[in-house]
Amino acid sequence: MSQKKHPNPPEIIHCEVVAKSKLFTVEALDLTFSNGEQRQYERIRGGGRGAVMVLPITADNELLLVREYCAGTHNYQLGFPKGLIDPGETAKQAGNRELKEEVGMGAEQFDELKTLSLAPSYFNARMHILVAQNLYPESLEGDEPEPLVVVKWPLDEWQSLLEQEDFTEARSVAALMLLQTFLAAKE
C-alpha cells in the first residue's frame, strides 16, 4: 500500500535555544511550509545517540523486568531494562551493558524488533527495541541511585502484565506487543 508523502519538510528559518537544563535543551523553530504557511514550533533537542530497551527472555521462558523510580510520575514503574547508547557503542552493545547493569545478566543473542521514535512532534529521540536470549550471569555497576527490583514474568502470561497498575509506560507496552509478533513469526 502506497501513501502520499510530503516531499520535503518545512524550511527552518530560525532556530534559537529558549531554555536549557542539565538534561534538556529546548529550541524554538521558525518554520516555513511548502504552501508558504509560517509557524513557530518548540522541540527538545535530542542528544543524537539514541537509547535501547531490552526484552530479556530466560531459558525458563520468563521475561525479566525492572521496577524503578520514575521522577516524571513520582512513583515506581515496572518496565523493561533500558538506557542511553554510550558514544562508540552499537545498540546491541548498549543493550548488553544495560542488561548487566540492571538485571545482572548478559546475553549471547540479540534481535532488533524495531526502532521507535518518542513524541516526534516535540522530541528527536529514537529507541531500539531488542530481544535478548541465551542469557548468562554477569553484573556491571550501573548509575541508578538505588538497587532496581528485578521481576520475573512468565512469557505465556504476557497479557496479565498489561493489567498491572505499574506497567503503564507506552514504550514497554509497545515492546511487549512487538515481541508477540516476533515470537509468532518464529513458530
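The structure this text deals with has already been given above.
Presented here is a report on the structure given in the accompanying data block. Values in this document were obtained by computation on a predicted structure and should not be read as measured data. (Residues numbered from 1 in each chain as written. Predicted model: local features only at pLDDT ≥ 70, side-chain atom pairs only at ≥ 80, totals over all residues. Heavy atoms only, no water.)

1. Some points on unusual backbone geometry
Stage number 1. Backbone geometry places Asn61, a non-glycine residue, at a positive phi of 55°.
Stage number 2. Here Asn61 shows up in the loop between strand 4 (51-56) and strand 5 (62-70). (Helix = DSSP H or I, 4+ residues; strand = E, 2+ residues; numbered from the N terminus.)

2. A few points about the pattern of salt bridges
Stage number 1. Evaluated as defined, the whole model comprises 11 salt bridges.
Stage number 2. Across the pair Arg43 and Glu27 runs a salt bridge whose closest N-O atoms are separated by 2.7 Å. Pair noted here: Arg43 is in strand 3 (residues 38-44) and Glu27 is in strand 2 (residues 25-32), with a separation of 16 residues, a long-range link.
Stage number 3. Since its relative accessible area comes to 30%, Arg43 is described here as partly exposed.
Stage number 4. The class for Glu27 is buried, based on a relative accessible area of 3%.
Stage number 5. With a shortest N-O distance of 2.8 Å, Glu27 and Arg45 are connected by a salt bridge. With a gap of 18 residues between them, Glu27 in strand 2 and Arg45 in the loop between strand 3 and strand 4 connect regions that are remote in the sequence.
Stage number 6. Put simply, Asp86, Glu89, Arg97, Glu98 and Glu101 are held in one network by salt bridges that share partners. (Salt bridge = Lys/Arg side-chain N within 4 Å of Asp/Glu carboxyl O. Buried < 20%, exposed > 50% of the residue type's maximum accessible area, 1.4 Å probe, protein only.)

3. Some points on the pairing of strand 6 (residues 75-79)
Stage number 1. Sheet topology note: the strand 5/strand 6 ladder contains 5 bridges and is antiparallel. If you follow Tyr69 over to strand 6, its bridge partner there is Tyr76.
Stage number 2. In textbook terms, the turn of a hairpin is the stretch between consecutive antiparallel strands, and for strand 5 and strand 6 this stretch comprises 4 residues, one of which, His74, has a positive phi near 50°. (Pairing = 2+ DSSP bridges.)

4. A look at helix 3 (residues 170-186)
Stage number 1. If you check helix 3, its first and last C-alpha atoms are 25 Å apart, about what 17 residues at 1.5 Å a residue would give, namely 24 Å.
Stage number 2. Within helix 3, burial applies to Ser172, Ala175, Leu176, Leu179, Gln180, Phe182 and Leu183. All buried residues of helix 3 lie within an arc of 170° about the axis, which places them on one face of the element. Facing away from the buried side of helix 3 by more than 90 degrees, the exposed set consists of Ala170, Thr181 and Ala185.
Stage number 3. Among the structural elements, strand 4, strand 5, strand 6, strand 8 (105-117), strand 9 (126-137) and helix 2 (158-161) are those in contact with the buried residues of helix 3. (Expected span 1.5 Å × (residues − 1). Arc of directions from axis to C-beta. Contact = heavy atoms within 4.5 Å.)

All we've got here are geometric facts, nothing functional implied.
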